[in-house]
Amino acid sequence: RSLAARALLVHASLEQRHPEMAERLLFELAELPTQARVHRRMGAAELYALRLAVAHVALDVDPVHAKEHYERVLAQNPDSVLAYESLARLCSRLGETRDAIRYGESYLIHEQDEAAKFEFLLFLGQEHLKLEQGADAAGLVYRQALQLRPDDRRVLTALADLAVEREDTSSALRHLSKLST
């Protein structure tokens, strides 16, 4: 089948609410060795986009399989911000907190958009709090977020909560007082 015909089949599968079929079709196009000629014609950018699409469709079908697809994307493009973020959030969903943090830290290295970084720091702080001894690391992450947005209520509240847990009332009050200004 031609590339266009396969694309139409994938689209039709998604429209008919058959993500399993779409994933299989995309996987065949992106990964099978017999597709080497197609891959050469596509170029690196198109193959990268195709592999991202496979991973995204696989999220609904089989999250563990989706993780493997995102890791293939990273093997092709180790600077993929989308893959790092998706892997971090997927690992969190799968209960793999340490992997979520590891991918999240890589995301922060590669992400340039400060607004996106800020939102992700909030997510990463929550991941650290899932670990038994994660409060200190969460505090560091939240302080990084505070540098990006010094008046954000979510960060100030998170830092105040951490201070209360440490029984550091002066820090808790300092963060809470910024909420009222």
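Residues numbered from 1 in each chain as written. Predicted model: local features only at pLDDT ≥ 70, side-chain atom pairs only at ≥ 80, totals over all residues. Heavy atoms only, no water.

1. Comments concerning the packing of aromatic side chains
1) Next: Considering all chains together, one arrives at 2 aromatic pairs under this definition.
2) Next: Seen in terms of ring centroids, tyrosine 107 and phenylalanine 120 are 4.2 Å apart; in terms of plane orientation they differ by 45°. Their pairing is tilted. With a gap of 13 residues between them, tyrosine 107 in helix H7 (residues 97-110) and phenylalanine 120 in helix H8 (residues 114-130) connect regions that are remote in the sequence. For the pair formed by tyrosine 107 and phenylalanine 120, the shared burial category is buried.
3) Next: Look at phenylalanine 120 and phenylalanine 123: their rings are 5.0 Å apart centre to centre, the planes differ by 50°, and that puts the pair in the tilted class. Here phenylalanine 123 and phenylalanine 120 lie together in helix H8, a separation of 3 residues that amounts to about one turn.
4) Next: Looking at phenylalanine 120, the relative accessible area reads 1%, which means it is buried.
5) Next: Counting every residue linked through ring pairs, the aromatic cluster contains Tyr107, Phe120 and Phe123.
6) Next: The ring of phenylalanine 123 has arginine 89 sitting right over it, with the charged end atom 4.6 Å from the ring centre.
7) Next: In this structure, arginine 102 is placed above the aromatic ring of tyrosine 103, and the distance from its NZ or CZ to the ring centre is 4.5 Å. (Phe/Tyr/Trp six-rings, centres within 6.5 Å; stacked < 30°, edge-to-face > 60°. Helix = DSSP H or I, 4+ residues; strand = E, 2+ residues; numbered from the N terminus. Buried < 20%, exposed > 50% of the residue type's maximum accessible area, 1.4 Å probe, protein only. Lys NZ or Arg CZ within 6 Å of the ring centre and 35° of its normal.)

2. Focus: helix H6 (residues 81-93)
An α-helical turn contains 3.6 residues, so a residue and the one three or four places further along point in the same direction.
1) Next: Taking 1.5 Å as the rise per residue, H6 with 13 residues should run 18 Å; its terminal C-alpha atoms sit 18 Å apart, in good agreement.
2) Next: Of all the positions in H6, only Val81, Ala83, Tyr84, Leu87, Ala88, Leu90, Cys91 and Ser92 are classed as buried.
3) Next: Just downstream of H6 lies glycine 95, where phi reads positive at about 80°. (Expected span 1.5 Å × (residues − 1).)

3. Some points on the pattern of salt bridges
1) Next: Per the counting criterion, the structure on display carries 9 salt bridges.
2) Next: With its nearest N and O atoms 3.0 Å apart, the salt bridge here joins arginine 154 to glutamate 119. A residue pair is termed long-range when its members are at least 10 positions apart, and arginine 154 in helix H10 (residues 153-165) and glutamate 119 in helix H8 qualify at 35 residues.
3) Next: Arginine 154 gets classed as partly exposed once you look at its relative accessible area, which sits at 41%.
4) Next: Judged by relative accessible area, glutamate 119 falls into the partly exposed class, the value being 33%.
5) Next: Here aspartate 168 ties to arginine 166 by a salt bridge, and the two come within 3.5 Å at their closest N and O atoms.
6) Next: Given the relative accessible area of 22%, aspartate 168 is considered partly exposed.
7) Next: Its relative accessible area of 47% is what places arginine 166 among the partly exposed residues.
8) Next: The network of salt bridges with common partners includes Lys67, Glu96, Asp99 and Arg102. (Salt bridge = Lys/Arg side-chain N within 4 Å of Asp/Glu carboxyl O.)

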